[in-house]
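Coordinates in review
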Amino acid sequence: MPWIETVLIYGAIPLAVFLLFAVLTLVPGHGKDKTRYRPGQPWDHEPVWYEPHPDTAGVHGGGHADADAGHGRRGVGATAAALAIGERPHEADTEGPRRTAAGGARGTW
Amino acid sequence: MTQQLDSRGSSDTRDTQGSVVDETRSGPVSFRDLARIDEALTMSSRETGLWFTLYVGDLGADTRSTAEALHARSGEDTANSVLVALSPGQRVLEIVTGSAAARRLPDRACALAVLSMTGRLGSGDLAGAIINGLRQLSDAAGHPSHRRH
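Small disclaimer: the values here were computed from a predicted structure and weren't measured.

Section: the overall build of chain B
In terms of helices and strands, chain B carries 6 helices and 4 strands. Its helices and strands taken in sequence order, chain B reads β-α-β-α-β-β-α-α-α-α from the N to the C terminus. Burial analysis of chain B (149 residues in total) assigns 56% to the buried set. The contacts in chain B between residues at least 6 apart in sequence include a share of 56% that link residues at least 24 apart. By element, 50% of the accessible surface of chain B is carried by carbon and sulfur atoms, the whole surface being about 6,200 Å².

Here it is, written out as structure tokens:
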């Protein structure tokens, strides 16, 4: 075969394949996740508090969750519903917000 | 997913109940991770009957007391609620359980979840840490019907 054909087959085709993969992997911004967290960098996002979907069934024990599904949240008793409206409990909590935490754990990294 | 965007200020999950998050805003996690976190939160809450909430943000100087104050406002039924609070800037992770939740999630189980989460957080895997931590917590808590006697 002529030498130009040899160069094309053994030189140009591998080079084309090489360049194709090079472009695919080195395309700027690809695979670089901007939102990725790296330990040690400052965290300047505003605080976010996520909670489950409000229609989570069975948070108060599955049985009567369906009856309260219309309220969109967990079933609350009469007292809790009244408190939710804005009434205070009859025992005045003078010492500010009561402590609700009973346990847990903490860790650092 | 509902979320509270205000910081430690005003406080009520009822304010944002049923609201839809504006997801056009670029947040700390990608949308795909956000969906996975959402599913993990919802599924673990549904399976265990506990109310799992997740706080990502600064926790102040006294991280534990801040996390406990957040837990006190984490819902209507704080006894059954579990707060996973992490502050990536301070590299602190706090898990706070309510009085009823603490019976099903003893401190040892929480510490185990914290341990696996901090391992992933140390390598920068924020969403993976959250998802696996929630999975571990819900596995430890079990299903409510199995605990009812």
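Next comes the rest of the description.
Brief notes about the nonpolar core
Counting 36 residues, the largest nonpolar core has Leu-54, Val-84, Leu-86 and Leu-105 of chain B as the members making the most contacts within it. Contributing elements (two or more residues each) for this core: strand S1 (48–51) of chain A together with helix H1 (31–48), strand S2 (51–56), strand S3 (81–87), strand S4 (92–97), helix H4 (107–122) and helix H5 (126–141) of chain B. Here this core takes 8 residues from H5 of chain B, the largest share from any one element. Discounting residues that sit within four places of it in the chain, Val-84 of chain B has contacts with Thr-53, Leu-54, Tyr-55, Leu-93, Glu-94, Ile-95, Met-117, Leu-134 and Leu-137 of chain B.

Looking at unusual backbone geometry
Of note, the phi angle at Arg-91 of chain B is positive, near 55°, even though the residue is not glycine. By relative accessible area, Arg-91 of chain B is classed as partly exposed at 32%.

Examining the pattern of salt bridges
For side chains bearing opposite charge, pairing can occur when the charged atoms are close. Taken as a whole, this structure holds 6 salt bridges over all chains when the rule is applied. Across the pair Glu-68 of chain B and Arg-99 of chain A runs a salt bridge, and its minimum N-O distance is 2.6 Å. Separated into two different chains, Glu-68 of chain B in helix H2 (residues 63–72) and Arg-99 of chain A in the loop between helix H2 (78–85) and strand S2 (103–108) make up a pair that spans both. A relative accessible area of 17% places Glu-68 of chain B in the buried class. A relative accessible area of 61% places Arg-99 of chain A in the exposed class. Across the salt bridge formed by Glu-94 of chain B and Arg-64 of chain B, the nearest N and O atoms sit 2.6 Å from each other. With Glu-94 of chain B in strand S4 and Arg-64 of chain B in helix H2, this residue pair connects regions lying 30 residues apart in the sequence. Salt bridges sharing partners connect three or more residues here, namely Arg-99 and Arg-106 of chain A together with Arg-64, Glu-68 and Glu-94 of chain B.

Section: a nonpolar patch on the surface
The grouping of Met-1, Trp-3, Ile-4, Val-7, Leu-8, Ile-9, Tyr-10, Ile-13, Val-17, Leu-20, Phe-21 and Leu-24 of chain A at the surface amounts to a nonpolar patch, some 1,300 Å² of accessible area in total. Topologically, Ile-4 of chain A is positioned in helix H1 (residues 3–26).

Examining H2 of chain B
Most of H2 of chain B sits out of view: 7 of its 10 residues are buried. Here H2 of chain B has its buried residues at Thr-63, Thr-66, Ala-67, Glu-68, Leu-70, His-71 and Ala-72 of chain B. Residues of H2 of chain B that are buried make contact with S1 and S2 of chain A together with S2, S3 and S4 of chain B.

About the cut-offs
- Counting from 1, residues in each chain are numbered in the order their sequence is written.
- As a convention, the first chain written is A and the first ligand written is 1, with the rest following in written order.
- Only residues with pLDDT of at least 70 get local features here, since the model is predicted, and only at 80 or more are side-chain atom pairs given and counted; chain-wide, interface and lining totals rely on the full set of residues.
- The basis for every side-chain value is the complete set of heavy atoms in the structure, and neither hydrogens nor water enter the calculation.
- Numbered from the N terminus, helices here are DSSP runs of H or I no shorter than four residues, and strands are runs of E no shorter than two.
- Only protein chains enter the calculation, and the probe is 1.4 Å; a residue is then buried if its accessible area is under 20% of its type maximum, exposed if over 50%, and partly exposed in between.
- A contact between two residues is defined here by any heavy atoms of the two lying within 4.5 Å.
- Areas reported here follow the Shrake-Rupley algorithm with a probe of radius 1.4 Å; residue values treat only the protein chains shown as occluding.
- Residue types Ala, Val, Leu, Ile, Met, Phe, Trp, Tyr and Cys, when buried and joined through side-chain atoms within 4.5 Å, form a set referred to as a nonpolar core.
- By salt bridge we mean one thing: a side-chain nitrogen of Lys or Arg within 4 Å of a carboxyl oxygen of Asp or Glu.
- Here, patches come from residues exposed beyond 30% relative accessible area and free of salt bridges, joined within 9 Å for like charges and within 5 Å for nonpolar side chains (Val, Leu, Ile, Met, Phe, Trp, Tyr).

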